[in-house]
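Given next are the chains, with one letter for each unit.
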Amino acid sequence: MGWAIAVHGGAGDISRSLPHERRQPREEALRHCLQIGIKALQSNLSPLDVVELVVRELENIPHFNAGRGSVLTSKGTVEMEASIMDGNTMRCGAVSGLTTVLNAVSLARLVMEKTPHIYLAFDGAEQFAREQGVEIVDSSHFITPENVERLKLAKEANRVQIDYNAQPIQNDTKKEAPCANGDSQIGTVGCVAVDCHGNLASATSTGGLVNKMAGRIGDTPVIGAGTYANELCAVSATGKGESIIRGTVARDVAALMEFKGLSLKEAADCVVHERTPKGTVGLIAVSAAGEVAMPFNTTGMFRGCATEDGHLEVAIWSDAEI
Amino acid sequence: MGGWAIAVHGGAGVDPNLPPQRQEEAKQLLARCLNLGISSLRSNASAIDVVELVVRELETDPLFNSGRGSALTAKGTVEMEASIMDGTKRRCGAVSGLTTVKNPISLARLVMDKSPHSYLAFSGAEEFARLQGVEVVENEYFITPENVGMLKLAKEANTILFDYRIPTNGYDTCGAGVESPMKMNGLPISVYAPETVGCVVVDKEGRCAAATSTGGLMNKMTGRIGDSPLIGAGTYACELCGVSCTGEGEAIIRGTLAREVAAVMEYKGLGLQEAVDFVIKNRLDEGFAGLIAVSNKGEVAYGFNCNGMFRGCATEDGFMEVGIWE
């Protein structure tokens, strides 16, 4: 027993030849956020407070696809979404379609705590944000040159697809456009934490899918898909939204533990390696007993974790060669 | 074993004082929708087509809370949402925040079949609707005088919700005993609009599908999304079963109710009815909800922990029933 925390900055086709200048800032950022979370746990903040705090930090860092640094819709705008869940009470909050709210995860928490609802979206969510007096900025704040470039490349790739394929888009061609520089575009950020009493919480936040249609909602705000926490574990997933939604990924980890008696690691591995298609999903999870699991079936997943006994790691790919 | 099966619902949480005439109208509508589904199934339609067809019928009829006849937001407008799932490959589609689309469930299906995404909402969904050429109407089309009256009552109820002078109506409450009138989702049962309509089907080939549609919670905040469009919460279908839920959105979401039925069948090996009973009994705590489900073996089941659920079910061997109360 003891506290444990894990963070992620997105799973996807992260090329091992990712240049140093694209790796290092993200690894630094993960380390930095992990430290914030560790200090918070050491100061006895609740896991719910910890995951919110850490995800806020990840949202503020422009290297990840959440908050500032969010990928852009096909219209060149940002539409951010997030969710948060408290394992003890199983209360949850979610938001979608945010364009000016500095920290989506905090608004999700306010939905959970200050409304009779769980999920608010688009204009209604923006209105609620103003009523709550949360920090609002011009939506240009979230847009980075990197993402403007990503959108351009994605549109070009789509144009090629359309030339070859006059049919309406079929279900099985739902995929993210390839990105020339090998950067993962399938992003989200997330944090899961457990304190020494076994209290669990999870939070996930994202800008969504590059070149997405306006109004597109992914797995991140869907409780049971991108985020879940109960008395057994807390889970935050990342990867291809559709796979995570239809696979009810976050919930399934907990369900396997509960109904089949699997351990955290077994359950997480089962969901990622046996129950979702390769190349689609990664997740971070902690259990009430203080264990951590971070499986992924993509090329890589930006992640980090720490436990009370002093273990700490930050990694991208799957073997010791980080 | 085997053969087709179908179930429909018009919402859980029914005013015990609902006038007999309304009860009759509801039962007739449920029977009509069942028969529509049954004819299709007999003509070898696939489960996914049948659930869409039946829910369209429920949306078009103003009686239940979906499409026309939807509950109103705090601003007096209609914002509709729906989701559909095809058990065969667990493909899914969902929509929220629709204001002009005549049949939300059909747009959800188009999201599934014709868009690169699974879930579209608000103006993005409305734009997609126009691109797809679906039937759109003015928002007023969906608003019924009855619901305008209900909204007014709901607003009044919200301001006096904790007033001890509210009469208790003298009927049993389910769940924890309360001294105030029976409530669902914070509203007295007399103004609560049972949220959602839904349909689950298993066809002759053993394929399951589920669909759910709603106007949502009476007097909801603009932008509020409930359980109906959330895969795993209000709707779920896989190889084993198809499930559609209704009731208190929060309870259904945190309980991932629809997914739960399938999970206990798969991970605990429970049969359909056992799974439904287990989930209703163990996954709702103080929340009130109901659900309908079918299995790939041709079984049909339903369960609810509140005082009523508008529902109907039928199986290929000739069984058919329509009901409201326990």
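In the nomenclature of an unreviewed UniProt entry, chain B corresponds to Isoaspartyl peptidase/L-asparaginase 2 from the organism Stylosanthes scabra. The Subunit (unreviewed entry) comment attached to chain B in UniProt states, word for word, "Heterotetramer of two alpha and two beta chains arranged as a dimer of alpha/beta heterodimers."

By the naming in an unreviewed UniProt entry, chain A is beta-aspartyl-peptidase, taken from Stylosanthes scabra. In its Subunit (unreviewed entry) section, UniProt records this for chain A: "Heterotetramer of two alpha and two beta chains arranged as a dimer of alpha/beta heterodimers." Under the Catalytic activity (unreviewed entry) heading, UniProt states for chain A: "Cleavage of a beta-linked Asp residue from the N-terminus of a polypeptide."

## What to know about the environment of Tyr141(B)
All names here are of chain B. By the element assignment, Tyr141 lies in the loop between α4 (122-132) and α5 (145-159). With a relative accessible area of 26%, Tyr141 lands in the partly exposed category. Along the sequence, Tyr141 and Ala293 sit 152 residues apart, while their C-alpha atoms lie 31 Å from each other. If near-sequence neighbours (up to four positions away) are discounted, Tyr141 is found in contact with Thr60, Arg68 and Lys102.

## Examining the packing of aromatic side chains
Remark: the centre distance and the inter-plane angle together describe each pair of aromatic rings, the angle taken between the planes. This model, assessed by the stated rule, comprises six aromatic pairs over all chains. Measuring from ring centre to ring centre gives 6.1 Å for Phe259(A) and Phe278(B), while their planes differ by 75°; the resulting arrangement is edge-to-face. In this pair, Phe259(A) is assigned in helix α7 (residues 249-260) and Phe278(B) in helix α8 (residues 272-282), connecting two distinct chains. Note that Arg68(B) overlies the ring of Tyr141(B), its terminal NZ or CZ placed 5.6 Å from the centroid.

## Quick look at the sheet that holds strand β14 (residues 309-315) of chain B
All names here are of chain B. Pairing is mixed across the open sheet formed by eight strands, whose spatial order is β4-β3-β2-β8-β7-β1-β14-β15. The open sheet is flanked by β4 (119-121) and β15 (320-323), the only strands paired with a single partner. This sheet shows a mean twist of 5° between the axes of neighbouring strands, independent of strand direction. Relative to strand β8 (residues 208-214), strand β7 (residues 197-202) runs antiparallel, the two being bridged by six bridges. Across the sheet, Val201 pairs through a bridge with Ala209, a residue of β8.

## Regarding the nonpolar core
The nonpolar side chains of a soluble globular protein tend to be buried with one another. Grouped together as the largest cluster of nonpolar side chains are 105 residues, with contacts concentrated most on Leu283(A) and Leu291(B). Among all residues touching Leu291(B), those that are not within four sequence positions of it are Val243(B), Ser244(B), Cys245(B), Leu257(B), Val261(B), Val276(B), Val279(B), Ile280(B), Ala301(B), Tyr302(B), Gly303(B) and Met309(B). Counting 57 residues, the second-largest nonpolar core is a separate cluster that includes Val7(A), Ile14(A), Phe64(A) and Leu102(A).

## Structural notes on the packing of helix α3 (residues 104-114) of chain A against helix α4 (residues 122-132) of chain A
All names here are of chain A. Axis separation between α3 and α4 bottoms out at 11 Å; the angle between their running directions is 80°. What the angle tells us is that α3 and α4 run roughly perpendicular. Residue-level contacts link Leu107, Leu110, Val111 and Lys114 of α3 to Ala125, Phe128, Ala129 and Gln132 of α4. Grouping the amino acids of the contact of α3 with α4 by side-chain chemistry returns six nonpolar, one polar and one charged.

## Let's talk about the sheet that holds strand β10 (residues 292-293) of chain A
All names here are of chain A. A sheet is described by the order of its strands in space; here four strands give the open sequence β7-β8-β9-β10, paired in antiparallel fashion. Of all strands in the sheet, those with a lone pairing partner are β7 (227-229) and β10, marking the two edges. As defined by bridge partners, strand β8 (residues 233-239) adjoins strand β9 (residues 281-287) across seven bridges and the pair is classed as antiparallel. Counterpart to Cys233 in the pairing with β9 is Ser287. The strands that α7 touches are β7, β8 and β9; relative to β8, the one it contacts most, it runs at about 145°. Running at roughly 165° to β9, helix α8 (residues 264-274) makes contact with β8, β9 and β10 of the sheet.

## A closer look at helix α1 (residues 20-42) of chain B
Residue and element names in this part refer to chain B. In this model, α1 (23 residues) spans 32 Å end to end at C-alpha, consistent with the 33 Å of a helix rising 1.5 Å per residue. Among all positions of α1, only Gln23, Ala26, Leu29, Leu30, Cys33, Leu34, Gly37, Ile38, Ser40 and Leu41 are buried. Where α1 is buried, its residues meet β1 (5-12), α2 (47-60), β7, β14 and β15. A positive backbone phi angle near 65° is found at Asn44, which sits one or two residues after α1.

## Structural notes on the interface of chain A and chain B
Counting residues at the interface gives 44 residues for chain A and 45 residues for chain B. In this assembly, chain A packs against chain B so that about 3,900 Å² is buried in total across both faces, 59% of it on carbon and sulfur atoms. Interface area lost by chain A to chain B is led by Met213(A), Arg246(A) and Phe259(A), which between them contribute 17%. Across the contact surface, chain A and chain B share five salt bridges. Of the charged contacts in the structure, one is a salt bridge between Arg259(B) and Asp252(A), with a shortest N-O distance of 2.8 Å. In this structure, the connection of chain A to chain B is made through 20 residue pairs in polar contact (both at pLDDT 80 or more). Here the side of chain A that touches chain B takes seven residues from α7(A), the largest share from any one element. Here strand β4 (residues 119-121) of chain A runs beside strand β9 (residues 224-225) of chain B; their pairing, made up of two bridges, is antiparallel. Bridged to Leu120(A) within β9(B) is Arg224(B).

## Here we look at the side chain of Asn103(B)
Position of Asn103(B) relative to the elements: it lies in the loop between β3 (91-98) and α3 (104-114). Reaching out from Asn103(B), the side chain makes a polar contact with the backbone oxygen of Arg56(B) at a distance of 3.4 Å.

Criteria and thresholds
- Residues numbered from 1 in each chain as written.
- Chains lettered and ligands numbered in written order.
- Predicted model: local features only at pLDDT ≥ 70, side-chain atom pairs only at ≥ 80, totals over all residues.
- Heavy atoms only, no water.
- UniProt positions renumbered as here; feature names shortened; annotations may be inferred.
- Helix = DSSP H or I, 4+ residues; strand = E, 2+ residues; numbered from the N terminus.
- Buried < 20%, exposed > 50% of the residue type's maximum accessible area, 1.4 Å probe, protein only.
- Contact = heavy atoms within 4.5 Å.
- Phe/Tyr/Trp six-rings, centres within 6.5 Å; stacked < 30°, edge-to-face > 60°.
- Lys NZ or Arg CZ within 6 Å of the ring centre and 35° of its normal.
- Pairing = 2+ DSSP bridges.
- Axes fitted to C-alpha atoms, helices over the stretch in contact; angles between N-to-C directions.
- Core = buried A, V, L, I, M, F, W, Y, C linked by side-chain atoms within 4.5 Å.
- Parallel < 35°, antiparallel > 145°, perpendicular 65-115°, else oblique.
- Nonpolar A, V, L, I, M, F, W, Y, C, P; charged D, E, K, R; others polar.
- Expected span 1.5 Å × (residues − 1).
- Buried area = accessible area lost by both parts, 1.4 Å probe.
- Salt bridge = Lys/Arg side-chain N within 4 Å of Asp/Glu carboxyl O.
- Polar contact = N/O pair within 3.5 Å; in protein donor to acceptor, adjacent residues only side chain to side chain.

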